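Residue-level listing of the chains:
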Amino acid sequence: MKMSLKWAALALAFSLPLSAQAHRMWMLPSATVLSGADPWVTVDAAVSNDLFYFEHFPLQLNNLSVTAPDGAAAKAENPSTGRYRSTFDVHLTQTGTYKMAVVNNGVFASYKENGKNKRWRGTPEKFAQEVPADAQDLRVTQANSRLETFVTVGKPTDTVLKPTGVGLELAPITHPNDLFAKEEASFRLLLDGKPAAGIEVSIVPGGIRYRDQLHEMKTRTDADGKFTVTWPEPGMYWLEAETKDDKTTFDKAKERRSSYIATFEVLPE
Amino acid sequence: MRTLIPVAVTGLMVGQVQAADLAVRIEIPRLNVAEYHRPYVAVWVEGPDQKVAANLAVWYDVKLKNDEGTKWLKDLRQWWRRSGRELTMPADGISGATRPVGEHQIVFSDGKAPLGKLAEGKYELVVEAAREVGGRELLRIPFQWPPRAPEKGEVRGQHELGRVALETKP
């Protein structure tokens, strides 16, 4: 690993195809189903190979948002970023479903300058300042990623599940905090608020370190963007979907990559 | 068992159709563990659609300050999913303190809270127990309601519950 930590963390934060390494970004809440008068959750956030072990890079929390059951922003308390993971707490003062989301929108460019390969990442505003106007073999990609997890106090509610209409999003049919082993759950993927058809969805159960095979489940969204999964056993699961198109919002970028990642807890029956 | 029928119910029998009874006997087993806490226990009646037809009892740590005992109610995870998460604790006529090791009987009457009036049909009595730093166990006893004749059912738990018995009487 020759990449500097800062470069790697930034690149990973933008979820860019910097290398062939299959790092996984995730948030892991201490609990997803809660009762009680004054509950809290603490959330680990990292970029790693194995799920859910913090063994590579911390997830940057700059673009973290927490949404309370009433739709208002809630505070991420005690945030901290260490060598391998970030962590934050949320005081769950309302009953219902909370959403934690890290949404990144970045621009990535590769080009040649004086015969040398260069790579750049940043925002559309900084592009003109930082990328030479005469860059050769310029390839610009816009990358949008959304990383989410949900926790519920008491009865699950739907306010935080409403899509924003931007990028790749999950519109749950089965509530994400009402998932049980051996049961089927349905979800819909939306791209810019419309059903995202034919997108591959990968689901990997946690605990990779202690088994030989990944046990990845792959499925594809139907014409309505819908997919279903039957959870083989209880545990934490990581879900990822990605798609490419040319609907960039930055005119220099020819390609847009949109990804959605979430962590779900599946309880035993 | 007969002596445990509430006096109020027997008093109403004169000139009226007798209300059916449902008696549940739950054994909390003695466990040889280093750290023992009384189990949280939920008792409910489930219809064939797995929906809760009646919430009969939930025993949890009601004595902790600031309702802190409610924090572990979700560990009664089947009950929590089926109905607990929709209730406000303490729930009138349902919630009570945890019980010590031994046999405990609770009796319910047709038409009266918390059993209420169940439509005629097949049901299951469900008893779920979850113990702090311990395990969880869920037992079911099927029964017909209203009972046409006195009926008995019994199951035995493996680790968190002892004998659980159900007796219904017309």
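Anyway, here's the lowdown on the structure attached to this text. (Residues numbered from 1 in each chain as written. Chains lettered and ligands numbered in written order. Predicted model: local features only at pLDDT ≥ 70, side-chain atom pairs only at ≥ 80, totals over all residues.)

The next thing to look at is the interface of chain B and chain A. At the junction of the two partners, chain B supplies 11 residues and chain A supplies 10 residues. Looking at the side of chain B that touches chain A residue by residue, the class counts come to 2 nonpolar, 2 polar and 7 charged. (Contact = placed C-beta atoms within 7 Å. Nonpolar A, V, L, I, M, F, W, Y, C, P; charged D, E, K, R; others polar.)

Residue and element names in this part refer to chain B. With antiparallel pairing, 4 strands are arranged side by side in an open sheet as S5-S1-S9-S8. Looking at which strands have only one partner, the edges of the open sheet turn out to be strand S5 (102-109) and strand S8 (151-156). When the angles between neighbouring strand axes are averaged without regard to direction, this sheet yields 15 degrees. Here 8 bridges tie strand S1 (residues 21-28) to S5, and the two strands are oriented antiparallel to one another. Across the sheet, Arg25 pairs through a bridge with Gln105, a residue of S5. (Pairing = 2+ DSSP bridges. Helix = DSSP H or I, 4+ residues; strand = E, 2+ residues; numbered from the N terminus. Axes fitted to C-alpha atoms, helices over the stretch in contact; angles between N-to-C directions.)

Okay, the environment of Asp192 of chain A next. Residues and elements named next belong to chain A. Mapped onto the elements of the fold, Asp192 is located in the loop between strand S13 (184-191) and strand S14 (194-195). Separated by 28 residues in the primary sequence, Asp192 and Thr164 have C-alpha atoms spaced 8.0 Å apart. Filtering out sequence-adjacent residues up to four positions away, Asp192 remains in contact with Gly165, Val166 and Gly167.

Moving on, we come to the nonpolar core. In summary, soluble globular proteins display a tendency toward joint burial of nonpolar side chains. Among the nonpolar cores identified, the biggest contains 55 residues, and Trp26, Tyr98, Leu189 and Leu239 of chain A are the most heavily contacted of them. In contact with Trp26 of chain A, other than residues within four places in its own chain, are Ala46, Leu51, Phe52, Trp238, Ile261 and Thr263 of chain A. Ranked by size, the runner-up nonpolar core spans 34 residues in total, among them Ile28, Val58, Trp59 and Trp80 of chain B. (Core = buried A, V, L, I, M, F, W, Y, C linked by C-beta atoms within 7 Å. Buried ≥ 20, exposed ≤ 12 C-beta atoms within 10 Å, placed from the backbone.)

A separate point is the pairing of strand S15 (residues 200-205) of chain A. Residue and element names in this part refer to chain A. Of the strand pairs in this sheet, S15 and strand S16 (residues 217-220) are connected by 4 bridges, and their pairing is antiparallel. For Val201, the partnering residue across the bridge sits in S16 and is Thr219. As paired elements, S15 and strand S18 (residues 235-245) share 5 bridges and run antiparallel to each other. Considered in S18, the bridge of Ser202 is made with Glu240.

This part covers the sheet that holds strand S4 (residues 95-97) of chain B. Paired through their backbone hydrogen bonds, the strands of a sheet run either parallel or antiparallel. Residue and element names in this part refer to chain B. Taken together, 5 strands build an open sheet; the order of strands is S4-S3-S2-S6-S7 and the sheet is mixed. Edge positions in the sheet fall to S4 and strand S7 (136-145), since each has one partner strand and no second. Here the average twist between neighbouring strands, direction ignored, is 15 degrees. Pairing of strand S6 (residues 121-130) with S7, which is carried by 10 bridges, proceeds in the antiparallel orientation. Across the sheet, residue Val127 finds its bridge partner in S7, namely Leu139.

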